[in-house]
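Report on the structure
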Amino acid sequence: MSIKRGNPWGQFGERPLIAPSLLACDFVRVGEQIAAAADADLFHVDIMDGHFVPNLSMGPGFVKSVRAFTNRPLDVHIMVTDPAYFADRFAQAGADSITFHIEATDKPEEIIDFLHDKGLGAGISIKPATPAEAIEGIIDKVDVVLVMTVEPGYGGQTFMKDQLSKISQVRSMLPDGVRLEVDGGINPATAALAAQAGADVFVAGVNVFGSNDIDGAIKALRSAVTEARKKRSG
Ligand code: DX5
Ligand code: ZN
(Lines give C-alpha, C1' and ligand atoms only; values in the text may rest on other atoms or scores of the structure.)
(Ligands and ions follow the chains in the order given, each with its own letter.)
Protein backbone atom coordinates (compact mmCIF):
# COMPACT_ATOMS: atom_id res chain seq x y z
CA MET A 1 0.00 0.00 0.00
CA SER A 2 1.41 3.39 -0.92
CA ILE A 3 1.46 5.84 1.97
CA LYS A 4 0.65 9.46 1.17
CA ARG A 5 2.55 11.86 3.38
CA GLY A 6 2.30 15.54 4.01
CA ASN A 7 -0.08 18.45 4.47
CA PRO A 8 -3.49 16.82 3.99
CA TRP A 9 -5.80 19.83 4.16
CA GLY A 10 -5.79 20.80 0.49
CA GLN A 11 -6.95 17.43 -0.83
CA PHE A 12 -10.57 17.50 0.35
CA GLY A 13 -12.03 20.55 -1.40
CA GLU A 14 -14.60 22.23 0.84
CA ARG A 15 -16.51 19.22 2.11
CA PRO A 16 -16.89 18.64 5.84
CA LEU A 17 -14.47 16.15 7.33
CA ILE A 18 -14.90 13.49 9.98
CA ALA A 19 -11.81 12.71 12.08
CA PRO A 20 -12.33 9.82 14.53
CA SER A 21 -10.12 10.16 17.61
CA LEU A 22 -7.98 7.09 18.23
CA LEU A 23 -7.85 7.97 21.95
CA ALA A 24 -11.21 6.20 22.24
CA CYS A 25 -10.00 2.97 20.60
CA ASP A 26 -9.75 -0.27 22.46
CA PHE A 27 -5.94 -0.37 22.43
CA VAL A 28 -5.75 -4.13 22.01
CA ARG A 29 -7.85 -3.83 18.83
CA VAL A 30 -6.58 -0.59 17.30
CA GLY A 31 -5.89 -2.05 13.85
CA GLU A 32 -9.26 -3.75 13.67
CA GLN A 33 -11.04 -0.54 14.71
CA ILE A 34 -9.08 1.63 12.25
CA ALA A 35 -10.02 -0.80 9.49
CA ALA A 36 -13.68 -0.59 10.57
CA ALA A 37 -13.55 3.22 10.32
CA ALA A 38 -13.41 3.00 6.54
CA ASP A 39 -15.36 6.21 5.96
CA ALA A 40 -13.04 8.40 8.09
CA ASP A 41 -11.39 11.30 6.27
CA LEU A 42 -8.48 11.57 8.70
CA PHE A 43 -7.55 10.01 12.02
CA HIS A 44 -7.15 12.34 14.99
CA VAL A 45 -4.41 11.35 17.44
CA ASP A 46 -4.45 12.95 20.91
CA ILE A 47 -1.06 13.35 22.55
CA MET A 48 -1.06 14.25 26.25
CA ASP A 49 2.06 14.85 28.33
CA GLY A 50 0.63 14.70 31.86
CA HIS A 51 1.68 18.31 32.34
CA PHE A 52 -0.19 20.58 29.92
CA VAL A 53 -3.16 18.34 30.63
CA PRO A 54 -3.58 16.03 33.64
CA ASN A 55 -3.42 12.82 31.64
CA LEU A 56 -1.02 10.71 29.59
CA SER A 57 -1.86 9.11 26.27
CA MET A 58 0.19 7.81 23.37
CA GLY A 59 3.70 8.60 22.19
CA PRO A 60 5.55 8.74 18.86
CA GLY A 61 5.74 4.92 18.69
CA PHE A 62 1.95 4.74 18.44
CA VAL A 63 1.91 7.25 15.57
CA LYS A 64 4.66 5.33 13.79
CA SER A 65 2.69 2.09 13.98
CA VAL A 66 -0.58 3.69 12.85
CA ARG A 67 1.27 5.46 10.03
CA ALA A 68 2.43 2.12 8.69
CA PHE A 69 -1.05 0.64 8.95
CA THR A 70 -3.31 3.21 7.26
CA ASN A 71 -2.96 5.61 4.35
CA ARG A 72 -5.45 8.05 5.89
CA PRO A 73 -3.85 11.33 6.99
CA LEU A 74 -2.92 11.58 10.68
CA ASP A 75 -4.13 14.76 12.38
CA VAL A 76 -1.98 14.84 15.52
CA HIS A 77 -3.20 17.08 18.36
CA ILE A 78 -0.39 17.74 20.83
CA MET A 79 -1.61 18.78 24.27
CA VAL A 80 1.88 19.32 25.63
CA THR A 81 3.91 21.95 27.46
CA ASP A 82 6.76 21.86 24.89
CA PRO A 83 5.09 21.93 21.47
CA ALA A 84 8.29 22.82 19.55
CA TYR A 85 10.07 19.68 20.81
CA PHE A 86 7.11 17.38 20.28
CA ALA A 87 6.24 18.83 16.85
CA ASP A 88 9.62 17.54 15.71
CA ARG A 89 9.17 14.15 17.41
CA PHE A 90 5.72 13.58 15.90
CA ALA A 91 6.77 14.86 12.50
CA GLN A 92 9.49 12.20 12.51
CA ALA A 93 6.98 9.59 13.66
CA GLY A 94 4.75 10.19 10.61
CA ALA A 95 2.18 12.87 11.44
CA ASP A 96 0.70 14.61 8.39
CA SER A 97 -0.57 17.63 10.31
CA ILE A 98 0.21 18.77 13.83
CA THR A 99 -2.02 21.02 15.92
CA PHE A 100 -0.57 22.61 19.05
CA HIS A 101 -1.97 24.92 21.71
CA ILE A 102 -1.55 28.68 21.71
CA GLU A 103 -1.55 28.52 25.54
CA ALA A 104 1.69 26.50 25.45
CA THR A 105 3.94 28.83 23.47
CA ASP A 106 4.72 32.44 22.79
CA LYS A 107 6.47 31.54 19.52
CA PRO A 108 3.70 29.91 17.47
CA GLU A 109 5.05 31.21 14.14
CA GLU A 110 8.30 29.27 14.61
CA ILE A 111 6.43 25.99 15.04
CA ILE A 112 4.11 26.73 12.11
CA ASP A 113 7.11 27.53 9.87
CA PHE A 114 8.91 24.38 11.06
CA LEU A 115 5.89 22.23 10.12
CA HIS A 116 5.35 23.91 6.76
CA ASP A 117 9.06 23.61 5.93
CA LYS A 118 8.65 19.86 6.44
CA GLY A 119 5.63 19.84 4.13
CA LEU A 120 3.21 19.12 6.96
CA GLY A 121 -0.06 20.76 7.95
CA ALA A 122 -0.06 23.17 10.90
CA GLY A 123 -2.92 23.83 13.28
CA ILE A 124 -3.47 26.02 16.31
CA SER A 125 -5.84 25.10 19.12
CA ILE A 126 -7.56 27.10 21.85
CA LYS A 127 -8.90 25.77 25.15
CA PRO A 128 -12.44 26.71 26.28
CA ALA A 129 -11.29 29.62 28.44
CA THR A 130 -9.04 31.11 25.74
CA PRO A 131 -10.62 33.88 23.68
CA ALA A 132 -10.58 33.82 19.89
CA GLU A 133 -8.48 36.99 19.93
CA ALA A 134 -5.50 34.95 21.23
CA ILE A 135 -4.96 33.53 17.73
CA GLU A 136 -5.83 36.65 15.74
CA GLY A 137 -2.26 37.27 14.58
CA ILE A 138 -1.62 33.78 13.20
CA ILE A 139 -4.86 32.54 11.66
CA ASP A 140 -3.68 33.38 8.16
CA LYS A 141 -0.59 31.20 8.68
CA VAL A 142 -2.26 27.94 9.76
CA ASP A 143 -4.21 25.30 7.85
CA VAL A 144 -6.66 24.59 10.64
CA VAL A 145 -7.92 26.17 13.86
CA LEU A 146 -9.06 23.70 16.52
CA VAL A 147 -11.63 25.04 18.97
CA MET A 148 -11.83 22.73 22.00
CA THR A 149 -15.41 22.02 23.01
CA VAL A 150 -14.34 20.30 26.25
CA GLU A 151 -11.48 20.97 28.66
CA PRO A 152 -8.63 19.00 27.00
CA GLY A 153 -7.34 15.90 28.78
CA TYR A 154 -10.00 13.23 28.56
CA GLY A 155 -12.32 11.63 26.06
CA GLY A 156 -15.99 11.07 26.76
CA GLN A 157 -16.83 14.51 28.20
CA THR A 158 -19.93 16.61 27.49
CA PHE A 159 -19.85 19.17 24.63
CA MET A 160 -19.69 22.73 26.02
CA LYS A 161 -22.47 24.66 24.27
CA ASP A 162 -20.99 27.92 25.51
CA GLN A 163 -18.23 27.45 22.93
CA LEU A 164 -20.66 27.84 20.01
CA SER A 165 -20.40 31.63 19.97
CA LYS A 166 -16.62 31.33 19.85
CA ILE A 167 -16.90 28.92 16.92
CA SER A 168 -18.99 31.52 15.05
CA GLN A 169 -16.53 34.25 15.98
CA VAL A 170 -13.51 32.22 14.79
CA ARG A 171 -15.30 31.38 11.54
CA SER A 172 -15.91 35.07 10.89
CA MET A 173 -12.19 35.77 11.46
CA LEU A 174 -10.82 32.96 9.27
CA PRO A 175 -9.55 33.51 5.76
CA ASP A 176 -11.11 31.29 3.06
CA GLY A 177 -9.60 27.84 2.99
CA VAL A 178 -8.61 27.62 6.66
CA ARG A 179 -10.41 24.74 8.32
CA LEU A 180 -12.31 25.07 11.62
CA GLU A 181 -12.15 21.90 13.68
CA VAL A 182 -14.14 21.06 16.82
CA ASP A 183 -13.05 18.47 19.36
CA GLY A 184 -14.77 17.13 22.46
CA GLY A 185 -18.21 15.69 23.08
CA ILE A 186 -19.04 15.47 19.38
CA ASN A 187 -22.04 13.31 18.40
CA PRO A 188 -24.58 13.86 15.59
CA ALA A 189 -26.55 16.44 17.62
CA THR A 190 -23.56 18.50 18.79
CA ALA A 191 -21.81 18.16 15.41
CA ALA A 192 -24.91 19.73 13.83
CA LEU A 193 -24.77 22.66 16.27
CA ALA A 194 -21.06 23.16 15.59
CA ALA A 195 -21.61 22.93 11.83
CA GLN A 196 -24.31 25.59 12.00
CA ALA A 197 -21.85 27.80 13.87
CA GLY A 198 -19.27 27.30 11.09
CA ALA A 199 -17.16 24.23 11.97
CA ASP A 200 -16.10 21.99 9.10
CA VAL A 201 -13.88 19.33 10.72
CA PHE A 202 -15.42 17.10 13.38
CA VAL A 203 -13.35 15.03 15.81
CA ALA A 204 -15.24 12.26 17.56
CA GLY A 205 -13.86 9.68 19.96
CA VAL A 206 -16.34 7.80 22.10
CA ASN A 207 -19.21 8.44 19.67
CA VAL A 208 -17.33 6.49 16.98
CA PHE A 209 -15.11 3.94 18.72
CA GLY A 210 -17.51 3.40 21.62
CA SER A 211 -20.12 2.30 19.09
CA ASN A 212 -20.61 -1.29 18.03
CA ASP A 213 -21.17 0.08 14.51
CA ILE A 214 -18.10 2.23 13.87
CA ASP A 215 -18.82 2.79 10.18
CA GLY A 216 -22.47 3.60 10.93
CA ALA A 217 -21.43 6.13 13.59
CA ILE A 218 -19.16 7.95 11.11
CA LYS A 219 -21.93 7.99 8.49
CA ALA A 220 -24.42 9.36 11.05
CA LEU A 221 -22.03 12.19 11.89
CA ARG A 222 -21.51 12.94 8.21
CA SER A 223 -25.21 13.11 7.46
CA ALA A 224 -25.96 15.28 10.54
CA VAL A 225 -23.26 17.71 9.48
CA THR A 226 -24.37 17.77 5.84
CA GLU A 227 -27.95 18.58 6.87
CA ALA A 228 -26.83 21.30 9.30
CA ARG A 229 -24.64 22.95 6.66
CA LYS A 230 -27.60 23.11 4.28
CA LYS A 231 -29.48 25.07 6.97
CA ARG A 232 -26.47 27.33 7.49
CA SER A 233 -26.22 28.22 3.80
CA GLY A 234 -30.00 28.25 3.25
C1 DX5 B 1 -9.71 15.64 24.50
C2 DX5 B 1 -9.22 15.24 23.13
C3 DX5 B 1 -10.29 14.78 22.22
C4 DX5 B 1 -11.00 13.53 22.64
C5 DX5 B 1 -12.42 13.64 22.17
O6 DX5 B 1 -8.66 16.23 25.21
O7 DX5 B 1 -8.59 16.34 22.49
O8 DX5 B 1 -9.83 14.61 20.88
O9 DX5 B 1 -10.43 12.36 22.11
O10 DX5 B 1 -13.10 12.59 22.70
P11 DX5 B 1 -14.69 12.51 22.72
O12 DX5 B 1 -15.17 12.63 21.31
O13 DX5 B 1 -14.93 11.16 23.31
O14 DX5 B 1 -15.17 13.65 23.57
ZN1 ZN C 1 -8.02 16.14 20.22
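Cut-offs applied
Residues numbered from 1 in each chain as written. Chains lettered and ligands numbered in written order. Predicted model: local features only at pLDDT ≥ 70, side-chain atom pairs only at ≥ 80, totals over all residues. Heavy atoms only, no water. Pairing = 2+ DSSP bridges. Helix = DSSP H or I, 4+ residues; strand = E, 2+ residues; numbered from the N terminus. Axes fitted to C-alpha atoms, helices over the stretch in contact; angles between N-to-C directions. pLDDT = per-residue confidence, 0-100. Donors = N, O, S within 2.8 Å, 3.2 Å for Na, K, Ca; no water. Tetrahedral: all angles 85-135°; square planar, octahedral: opposite > 155°, others 65-115°. Buried < 20%, exposed > 50% of the residue type's maximum accessible area, 1.4 Å probe, protein only. Patch = residues over 30% accessible without salt bridge, like charges linked within 9 Å, V, L, I, M, F, W, Y side chains within 5 Å. Areas by Shrake-Rupley, 256 points an atom, 1.4 Å probe, with all protein chains shown as cover. Salt bridge = Lys/Arg side-chain N within 4 Å of Asp/Glu carboxyl O. Lys, Arg positive; Asp, Glu negative; His and termini not counted. Charge placed at Lys NZ, Arg CZ, Asp CG, Glu CD. Contact = heavy atoms within 4.5 Å. Core = buried A, V, L, I, M, F, W, Y, C linked by side-chain atoms within 4.5 Å. Right-handed = clockwise from strand over helix to strand, strands pointing away.

**Topic: the sheet that holds strand β8 (residues 201–204)**
With respect to topology, 8 strands assemble into an open sheet ordered β1-β8-β7-β6-β5-β4-β3-β2, the strand pairing being parallel. Both edges of this open sheet fall to β1 (17–20) and β2 (43–48), since each of them pairs with a single strand only. Sheet twist, expressed as the average angle between the axes of neighbouring strands with direction ignored, equals 25°. Judged from the 4 bridges that link them, strand β3 (residues 74–79) and strand β4 (residues 97–101) form a sheet pairing that is parallel. In the sheet register, H77 faces β4, and the bridge partner there is T99.

**As for the confidence of the model for the protein**
Averaged over all residues, the pLDDT of the protein is 97; the fraction at 70 or higher stands at 98%. Considering each helix and strand of the protein separately, the mean pLDDT is smallest for helix α8 (residues 214–233), with a value of 95, and largest for β4, with 99.

**Things to note about the coordination of the zinc ion (ligand 2)**
Around the zinc ion (ligand 2), the protein contributes the donor atoms H44 (NE2), D46 (OD), H77 (ND1) and D183 (OD), at 2.0 to 2.3 Å from the metal centre. Classification of the site at the zinc ion (ligand 2) as octahedral follows from its 6 donor atoms and the range of 67 to 166° in their angles at the metal. Along the chain, the residues that donate to the zinc ion (ligand 2) are spaced as H-x1-D-x30-H-x105-D. Here D46, found in strand β2, pairs with D183, found in strand β7 (residues 179–183); they are 137 residues apart in sequence, far enough to count as distant. Take D46: its relative accessible area is 4%, and that puts it in the buried class. The exposure class assigned to D183 is buried, which follows from its relative accessible area of 7%.

**Considering the side chain of R67**
Along the chain, R67 turns up in helix α2 (residues 60–69). Using a relative accessible area of 6% as the deciding quantity, one classes R67 as buried.

**So, a negative patch on the surface**
Judged by side-chain charge, D106, E109, E110, D113 and D117 come together as a negatively charged surface patch. Along the chain, D106 turns up in the loop between β4 and α4 (108–117).

**Some points on the environment of F209**
Relative to the helices and strands, F209 is located in helix α7 (residues 206–209). Between the C-alpha atom of F209 and that of T70, which follows or precedes it by 139 residues, the distance is 16 Å. When near neighbours in sequence (up to four residues on either side) are disregarded, F209 contacts P20, S21, L22, A24, C25, Q33, A37, F43 and I214.

**Some points on the nonpolar core**
General note: in soluble globular proteins, nonpolar side chains tend to be found buried as a group. Of all hydrophobic cores here, the largest spans 65 residues; its most connected members are L22, V76, I78, V145, I167 and F202. In terms of residue count, the dominant contributor to this core is α8 (6 residues). Contact partners of V145, with chain neighbours within four places excluded, come to I124, I135, I139, V170, L174, V178, R179, L180 and E181.

**As for the pairing of β3**
The buried fraction of β3 is high, at 6 of 6 residues. Here β3 shows two buried faces, one formed by L74, V76 and I78 and the other by D75, H77 and M79. Taken together, the 6 bridges between β2 and β3 define a ladder with parallel strand orientation. Across the sheet, the residue bridging to H44 is D75, located in β3. Handedness of the crossover is the feature at issue here: the chain leaves β2, passes through α2, returns alongside β3, and the resulting connection is right-handed. You can see the chain leave β3, run along helix α3 (residues 83–93) and come back into β4, and the turn it takes is right-handed.

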